[in-house]
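# Residue-level structure breakdown
As a plain string of letters, each chain reads:
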Amino acid sequence: MDAYHKLLGIPPNERPPNHYRLLAIELFETNREVISNAARGRCQFLRSVSLMSPEVSEPLLNEIMQAKCCLLDPVQRAQYDRELRAQMAAPESKLAVAERPGPAPAEAAPLGSRQAAPLSNGDDVASSFSSESWLLAPAKTDASLLTEWIVGSGSKAHIRVRAPWVSRRHCRLWREGGVAWIEDLGSTNGTFVNEVPLAEPTRLYDEDLVSLGRKTRLPWPLPRDCAGRDLEVYSIGRAPDCDYVLDDKSVSQHHAQLLIEGDTVLLQDLDSLNGTRVGSLANRITECELPGHVSVYFGGVKLFAQDLVRSVRQR
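Residues numbered from 1 in each chain as written. Predicted model: local features only at pLDDT ≥ 70, side-chain atom pairs only at ≥ 80, totals over all residues. Heavy atoms only, no water.

- As annotated in an unreviewed UniProt entry, the protein carries the name FHA domain-containing protein FhaA and is attributed to Botrimarina colliarenosi.

In structure tokens:
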């Protein structure tokens, strides 16, 4: 199966696709909302076919999330755009050089790679790095650490998430110079940003999706007074590992989740195919506080909120 063509409409002559083509947006688009919405739409469609062909859709999902992460980071996007422009101009440069004598031009480096320029004996090593190179992985010092939270299931976590797949010290969040960062703390089930597992400290943006393991969506961005929060998290969906299993084809594998803090119940949709609705079928939600007296629709399944909360807490 030609997955690029049949699922994303990308013909063979446009491969490998650049990030913009992969998301089906204008070349060199800079609007963060456009980029985020395009990636979300692509992912929702691919998830809808993942049950039938997971071996085909999963690699494409990973590519799309990597493209989204790159284009939503201004520094990474600037570097990527420079390399993409150079790659697009490379055929014209070769043609011009080929018409006159002289050594053949070097092949363009693969997109995303770096070629180090040779240094002469008199070169200053520090001058071989552009200022943007340092921005890709800025040093973190205690002096610049503004706020820090440990997220996990342990009693000493600043934000306690009670779920069996969340480690006691799962991940660390902090702000530095007004920028939010996250890193996994060696958790058993991993920390994910936009469905990409973390292998190193990663910058966070307000529209990013943060997950503890693959099932538990962490509310993000966090409120400033989030320290000391104690959240109970319950997953709802068709997958057998959900806390509340709904065996109905209109329900996604991991459809939604409940976050309960004291008497407050927050309902979050997890990018389900057929949506989560509260009160009426016309009211599709992404996230909302859930009163006890309303009806909730997961795909085509109707439940009463108070019965749902009571059931998950008894499990």
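### Things to note about the overall build of the protein
- Secondary structure summary: the protein contains seven helices and 18 strands in total.
- Counting over 315 residues, the protein shows a buried share of 43%.
- In the protein, the share of contacts with a sequence separation of at least 24, taken over all contacts with a separation of at least 6, comes to 44%. (Helix = DSSP H or I, 4+ residues; strand = E, 2+ residues; numbered from the N terminus. Buried < 20%, exposed > 50% of the residue type's maximum accessible area, 1.4 Å probe, protein only. Contact = heavy atoms within 4.5 Å.)

### Quick word on the pairing of strand β13 (residues 264–269)
- Sheet topology note: the strand β12 (residues 256–261)/β13 ladder contains six bridges and is antiparallel. Of the residues in β13, the one forming a bridge with A256 is D269.
- Pairing of β13 with strand β16 (residues 287–289), which is carried by three bridges, proceeds in the antiparallel orientation. Residue L266 lies in a different strand from β16, and its bridge partner there is E289. (Pairing = 2+ DSSP bridges.)

### Topic: the pattern of salt bridges
- In the structure shown here, the tally under the stated rule is eight salt bridges.
- Here D2 and R15 are joined by a salt bridge, their closest N and O atoms 2.9 Å apart. With D2 in the segment before α1 (3–8) and R15 in the loop between α1 and α2 (19–23), the pair connects residues that are 13 residues apart, well separated along the chain.
- Since its relative accessible area comes to 27%, D2 is described here as partly exposed.
- Residue D271 pairs with R40 through a salt bridge whose shortest N-O separation is 2.7 Å. (Salt bridge = Lys/Arg side-chain N within 4 Å of Asp/Glu carboxyl O.)

### So, the nonpolar core
- Judged by nonpolar contacts, the single largest core of 26 residues is most densely connected at L7, L8, L23 and I64.
- The set of elements that each furnish at least two residues to this core consists of α1, α2, α3 (32–50), α4 (54–72) and α5 (74–98).
- In terms of residues, this core owes the most to one element, α4, which gives nine residues.
- Of all hydrophobic cores here, the second largest spans 23 residues; its members include V265, V294, V301 and A305. (Core = buried A, V, L, I, M, F, W, Y, C linked by side-chain atoms within 4.5 Å.)

### Here we look at the side chain of R77
- Turning to its location among the elements, R77 is positioned in helix α5.
- With no salt bridge to any partner, buried R77 finds its closest opposite charge in D81, at an N-O distance of 4.4 Å.
- In contact with R77, not counting residues within four places along its chain, are Y20, E29, T30, C70 and L71. (Lys, Arg positive; Asp, Glu negative; His and termini not counted.)

### As for unusual backbone geometry
- Geometrically, the link from R15 to P16 is a cis peptide bond, its omega value of -5° lying close to zero.
- On the secondary structure map, P16 appears in the loop between α1 and α2.
- In this structure, F28 takes a positive phi of about 65° despite not being glycine.

### Some words on the side chain of E29
- With respect to the secondary-structure elements, E29 resides in the loop between α2 and α3.
- No salt bridge is formed by the buried E29; its nearest oppositely charged neighbour, R77, is found at 8.4 Å.
- Looking at E29, its side chain comes within polar contact range of the main-chain nitrogen of N31, at 3.0 Å.
- Excluding anything up to four places from it in sequence, E29 contacts Y20, V34, I35 and R77. (Polar contact = N/O pair within 3.5 Å; in protein donor to acceptor, adjacent residues only side chain to side chain.)

### Concerning the pairing of strand β17 (residues 295–298)
- On β17, burial covers both faces: S295 and Y297 on one face and V296 and F298 on the other are all buried.
- As judged from the three bridges shared by strand β14 (residues 276–278) and β17, these two strands associate in the antiparallel manner. The residue bridging T276 from the neighbouring strand is F298, located in β17.
- Bridge count for β17 against strand β18 (residues 301–304) is four bridges, and the pairing is antiparallel. Looking at the pairing, S295 lines up with F304 of β18.

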